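# A closer look at the structure
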2 protein chains.
Amino acid sequence: MMNADILEKPYVVGIDIGGQTTKMGIVDMRGQVLSQTVIRTDTHADVEPYVDDVAEALEKIIKESGTEGKIRGIGIGAPNANYYTGNIENAVNLSWGGNKTIPFAELLSAKLGGLKVVLTNDANAAAVGEMTYGAARGMKNFIMITLGTGVGSGIVINGEVVYGHDGFAGELGHTTAVRNNGRTCNCGKTGCLETYCSATGVARTAREWLTLSDEPSILRSLDNISSKDVYEAAKEGDKMALKIFEFTGRMLGMSFADFIAFSAPEAIVLFGGLARAKEYLYQPILDAMNANVLPLWKGKVKIVFSQLKESDAAILGASALAWEL
Amino acid sequence: MMNADILEKPYVVGIDIGGQTTKMGIVDMRGQVLSQTVIRTDTHADVEPYVDDVAEALEKIIKESGTEGKIRGIGIGAPNANYYTGNIENAVNLSWGGNKTIPFAELLSAKLGGLKVVLTNDANAAAVGEMTYGAARGMKNFIMITLGTGVGSGIVINGEVVYGHDGFAGELGHTTAVRNNGRTCNCGKTGCLETYCSATGVARTAREWLTLSDEPSILRSLDNISSKDVYEAAKEGDKMALKIFEFTGRMLGMSFADFIAFSAPEAIVLFGGLARAKEYLYQPILDAMNANVLPLWKGKVKIVFSQLKESDAAILGASALAWEL
């Protein structure tokens, strides 16, 4: 990484495209975010005016931070992003993205005088971020699991993110955790890991269990239960909330055991809103994982929680991609 | 591959170490086996005399084939083989291998005047063999599944076999196919894919189903049912035998769907004794796989059967490793 080119252009841009907002920032080689800004994603029905807004906002923070002419490239984390082509394909969760293939990298690069742009999905970006600046520094083989609204994943083998034949590898949230009579998933399948172990999945478990038993719980008094409510209840010692996290951790651990059989990683790194509940998730994950791996891996694979500052993490992850340009 | 060194040393040796026998052969660049031989594995209680026998048998076929001084290296497929270290570790199925770590590559190389030796497990060797000489030629991303006594796997990403952090990646036969009340596996876990979809698993399904129903079947008249018996019965139109293969294929297909979510391969390549039943396995595998993958992969991942001549395949697979030396 330490070549002349980097010394001349020692900054990268990270852009995290979410359904509601788009965060972007200028990042230096040590992972410091020099300047950042946010625009709305969902106010645009078409991609062209959206790209105009992104370019405008970017130029502003580039100017502010005095990094004009010193930007090495732009890394983007976005849903349904294809690393190989630079396209965003059928991104139903983006107001301007459904049912089409958008040459996003090309569009943005054209607006920014030909700056190089690379994109991938947010979990892959997070994996590169952890490897570059975070908990996975020095690791060549690990699996990043993002526990947010859904369950995302980024798989690193021999120091490289796995993109697969088509650019879309690493959808571990849609591996089957429950084969028969599993929960319906947004993707159209049933029993996906994400229906149990995302923030949404935790809330779903709470609603399900409240109906199935009459066990007392703080959660009964709430109208629209979120995973945060379950976390708060667990902190107050609510037994059902604690059992929900234990169940969630166990489901994760059982799936992790299968992931280990695939790529024999050094660690599984957890990130995302739900990963904040680590005091309740860690032990059940570890126990279920070690109970379900081959003897040769028992007690050997680490469960690690992200070390990136949460407010910067999405930008850092995306920006890290640009170092590899 | 076409450099001067290869032209000077245009042959490789492939060795397939099994529990009972060890096959070895001299292979040219086109995948022709020039000369081959077999020795017993299980008559040796210690590794040193076994290595002596391997070296002696090898020197004989090298002389016979006139390839002295033209051998580029030796590739070995063996159980519990660690690619990184060249060791065979705790190989309980080898008479000389249990409960120890044997520096096998080093031992054999020393006996053969320092010829380079590389080893990996048999499924990884098979994957390299298919990529070099067989059904996966030209593919950069595929998963090899070997359906024999057990279920083995070799995963290729970006044209390279995945060895993982410790050298033992790719144990997909021990991913969990049935989470609750699954069959006991030799590995100590329950519900492993291998307990359902290996040759042994198929025979087990037959015995289980014969007990659970009184449906008529040719299989009832047999004493010690093997997967070959089930295959023969299926060929005669036996309904239960046909249903057993449909079940086996469906179990494979459901697991394959999860494997695809991991590495988004171009194809899954099937090899091994049970793969001979392809006329009964292909459609159920494909249907179950496509019913359980994310929409973006439906109908896109190929199921391919090995094209290697079965008598040569083990040697070819192992030998292919040596081209990469």
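Treat the numbers as computed from the prediction; the structure is a model and nothing was measured. (Residues numbered from 1 in each chain as written. Chains lettered and ligands numbered in written order. Predicted model: local features only at pLDDT ≥ 70, side-chain atom pairs only at ≥ 80, totals over all residues. Heavy atoms only, no water.)

### So, the pairing of strand β2 (residues 21–28) of chain B
Residue and element names in this part refer to chain B. Applied cut-off: Think of it in three bands: residues with accessible area under 20% of the maximum for their type are buried, residues over 50% are exposed, and the middle band is partly exposed, with areas taken using a 1.4 Å probe on protein chains only. The secondary structure listing takes helices from DSSP runs of H or I that are at least 4 residues long and strands from runs of E that are at least 2 residues long, numbered from the N terminus. Note on pairing: two strands pair once DSSP finds at least 2 bridges between them.
Within β2, 6 of the 8 residues are buried, leaving the element largely enclosed by the surrounding structure. Where strand β1 (residues 11–17) and β2 come together, 7 bridges link them in antiparallel fashion. Note that in β2 the partner of Val-12 across the bridge is Val-27. Adjacent in sequence and paired antiparallel, β1 and β2 are bridged by 3 residues. The pairing of β2 with strand β3 (residues 33–40) spans 7 bridges and is classified as antiparallel. Considered in β3, the bridge of Val-27 is made with Val-33. What sits between β2 and β3 in their antiparallel hairpin is a turn of 4 residues, with Gly-31 showing a positive phi close to 85°.

### Focus: the nonpolar core
Applied cut-off: We call a set of buried residues a nonpolar core when its members are Ala, Val, Leu, Ile, Met, Phe, Trp, Tyr or Cys and they connect through side-chain atoms within 4.5 Å of each other. Working rule for contacts: check all heavy atoms of both residues, and any pair within 4.5 Å makes them a contact.
One finds A:Ile145, A:Phe256, A:Leu270, B:Ile145, B:Phe256 and B:Leu270 to be the most contacted residues of the largest nonpolar core, which totals 116 residues. If sequence neighbours within four positions are ignored, B:Phe256 has contacts with B:Ile145, B:Ile268, B:Leu270, B:Ile285, B:Met289 and B:Ile303. Listed in part, the 33 residues of the second largest apolar core include A:Ile39, A:Leu94, A:Leu108 and A:Val117.

### Let's talk about the sheet that holds strand β8 (residues 117–120) of chain A
Residues and elements named next belong to chain A. To keep things clear, this is the line we draw: Working convention: axes come from line fits to C-alpha atoms, limited for helices to the stretch in contact. Angles between N-to-C directions cover 0 to 180 degrees.
Across the sheet, which stays open at both edges, the 5 strands sit in the order β3-β2-β1-β4-β8 with mixed pairing between neighbours. If you trace the sheet from one side to the other, it starts and ends with β3 (33–40) and β8, each paired once. Averaged over all pairs of adjacent strands, the angle between their axes in this sheet comes to 15°, without regard to strand direction. Across the sheet, helix α2 (residues 47–64) lies against β1 (11–17), β2 (21–28), β3 and β4 (71–77), angled at about 155° from β3, the strand it touches most.

### Some details on the packing of aromatic side chains
For clarity, the cut-off: A pair of Phe, Tyr and Trp rings is counted when the ring centres sit within 6.5 Å of each other, with Trp represented by its six-membered ring. The angle between the planes then sorts it: under 30 degrees is stacked, over 60 is edge-to-face, the rest tilted.
Taken as a whole, this structure holds 29 aromatic pairs over all chains when the rule is applied. Aromatic pair A:Tyr83 and A:Tyr84: ring centres 6.2 Å apart, planes at 65°, arrangement edge-to-face. Geometrically, the ring pair formed by A:Phe262 and B:Phe262 is stacked, given 3.7 Å between the ring centres and 20° between the ring planes. Placement of A:Phe262 in helix α8 (residues 239–263) and of B:Phe262 in helix α8 (residues 239–263) is noted, with the two residues assigned to different chains. The pair formed by A:Phe262 and B:Phe262 is uniform in burial state, with each residue classed as buried. Put simply, the rings of A:Phe256, A:Phe259, A:Phe262, B:Phe256, B:Phe259 and B:Phe262 touch in pairs and so form one group of aromatic residues.

### Topic: the interface of chain B and chain A
Going by this rule: In short, buried area is how much 1.4 Å probe accessible area vanishes from two parts on joining, totalled over both. In protein, a polar contact means a hydrogen-donor-capable atom and an acceptor-capable atom, both N or O and within 3.5 Å, with residues adjacent in sequence counting only if both atoms are side-chain atoms; elsewhere, any N or O pair within 3.5 Å suffices. Asp, Glu, Lys and Arg are counted as charged, while Ala, Val, Leu, Ile, Met, Phe, Trp, Tyr, Cys and Pro are counted as nonpolar; the rest, among them Gly, fall into the polar class.
Each partner contributes residues to the interface: chain B has 41 residues there, and chain A has 41 residues. When chain B packs against chain A, close to 3,300 Å² is buried across both sides, 59% of that on carbon and sulfur atoms. Contact with chain A buries area across many residues of chain B, yet B:His165, B:Arg179 and B:Phe262 alone supply 25% of it, more than any other trio. Counting every contact that joins chain B to chain A gives 18 residue pairs in polar contact (both at pLDDT 80 or more). Put simply, the parts of the chain that give the side of chain B that touches chain A at least two residues each are β10 (151–157) and α8 of chain B. Taken together, the residues of the side of chain B that touches chain A break down into 23 nonpolar, 11 polar and 7 charged.

### Examining the relation of the copies chain B and chain A
Stated formally: Least squares is used to superpose the copies, and the fit set is the C-alpha atoms of residues whose pLDDT is at least 70 in both copies.
Note on the copies: chain B fits chain A at an RMSD of 0.1 Å, the axial shift is 0.0 Å, and the rotation between them is 180°. Here the two chains are linked by the operation of a two-fold rotation axis. Most of the interface of chain B is mirrored in chain A, where 100% of its interface residues are also at the interface.

### Let's talk about helix α10 (residues 310–323) of chain A
Residues and elements named next belong to chain A. Worth spelling out the cut-off: A helix's residues, less one, multiplied by 1.5 Å, set its expected span. In this scheme, the bend at a residue equals the angle between the axes fitted to the seven residues that finish there and the seven that begin there.
With 14 residues, α10 should reach 20 Å at 1.5 Å per residue; the first-to-last C-alpha distance of 21 Å fits that figure. Of all the bends found along α10, the most pronounced is centred on Leu-316 and spans about 30°. Extensive coverage of α10 is indicated by the burial of 11 of its 14 residues. Within α10, burial applies to Asp-312, Ala-313, Ile-315, Leu-316, Gly-317, Ala-318, Ser-319, Ala-320, Leu-321, Ala-322 and Trp-323.

### A word on the pattern of salt bridges
Residues and elements named next belong to chain A. Worth spelling out the cut-off: Take a side-chain nitrogen of Lys or Arg and a carboxyl oxygen of Asp or Glu: if they are within 4 Å of each other, that pair is a salt bridge.
Applying the stated rule across the entire model yields 12 salt bridges over all chains. Ionic pairing is found between Lys-302 and Glu-266, a salt bridge with its closest N-O pair at 3.3 Å. One end of the pair, Lys-302, is in strand β13 (residues 302–305); the other, Glu-266, is in the loop between α8 and β12 (267–271), with 36 residues separating them in the sequence. Classification of Lys-302 by relative accessible area gives partly exposed; the value is 40%. Under the relative-accessibility criterion, Glu-266 is labelled buried at 17%.

### A short note on the side chain of B:Asp28
All names here are of chain B. Stated formally: Only four residue types enter the charge count: Lys and Arg as positive, Asp and Glu as negative, with His and the chain ends excluded.
Within the fold, Asp-28 resides in strand β2. The side chain of Asp-28 sits in the buried core without any salt bridge; Arg-30 is the nearest counter-charge, 5.2 Å away. A distance of 2.9 Å separates the side chain of Asp-28 from the backbone nitrogen of Arg-30, its partner in a polar contact. At 2.9 Å, the side chain of Asp-28 and the backbone nitrogen of Gln-32 are in polar contact. For Asp-28, the residues in contact, after removing those within four places along its chain, are Pro-10, Tyr-11, Leu-34, Tyr-133 and Trp-323.

### Concerning the sheet that holds β1(B)
Strand pairing in a sheet takes place through backbone hydrogen bonds and is either antiparallel or parallel in direction. Residues and elements named next belong to chain B. Strand order in the open sheet made by the 5 strands is β3-β2-β1-β4-β8, with mixed pairing throughout. Looking along the sheet, the strands with just one partner apiece sit at the ends: β3 and β8 (117–120). The average angle at which neighbouring strand axes cross in this sheet is 15°, direction not considered. Taken strand by strand, helix α2 (residues 47–64) contacts β1, β2, β3 and β4 (71–77), and its axis lies near 155° from that of β3. Helix-sheet contacts for helix α3 (residues 104–111) involve β1, β4 and β8, and the interaxial angle to β8 is about 150°.

### Observations concerning the environment of A:Gly152
Residue and element names in this part refer to chain A. Note on placement: Gly-152 falls in strand β10 (residues 151–157). The class of Gly-152 is buried, set by a relative accessible area of 17%. The spatial distance from the C-alpha of Gly-152 to the C-alpha of Gly-173 is 5.5 Å, given a sequence separation of 21 residues. When near neighbours in sequence (up to four residues on either side) are disregarded, Gly-152 contacts Ala-123, Met-144, Ile-145 and Thr-146.

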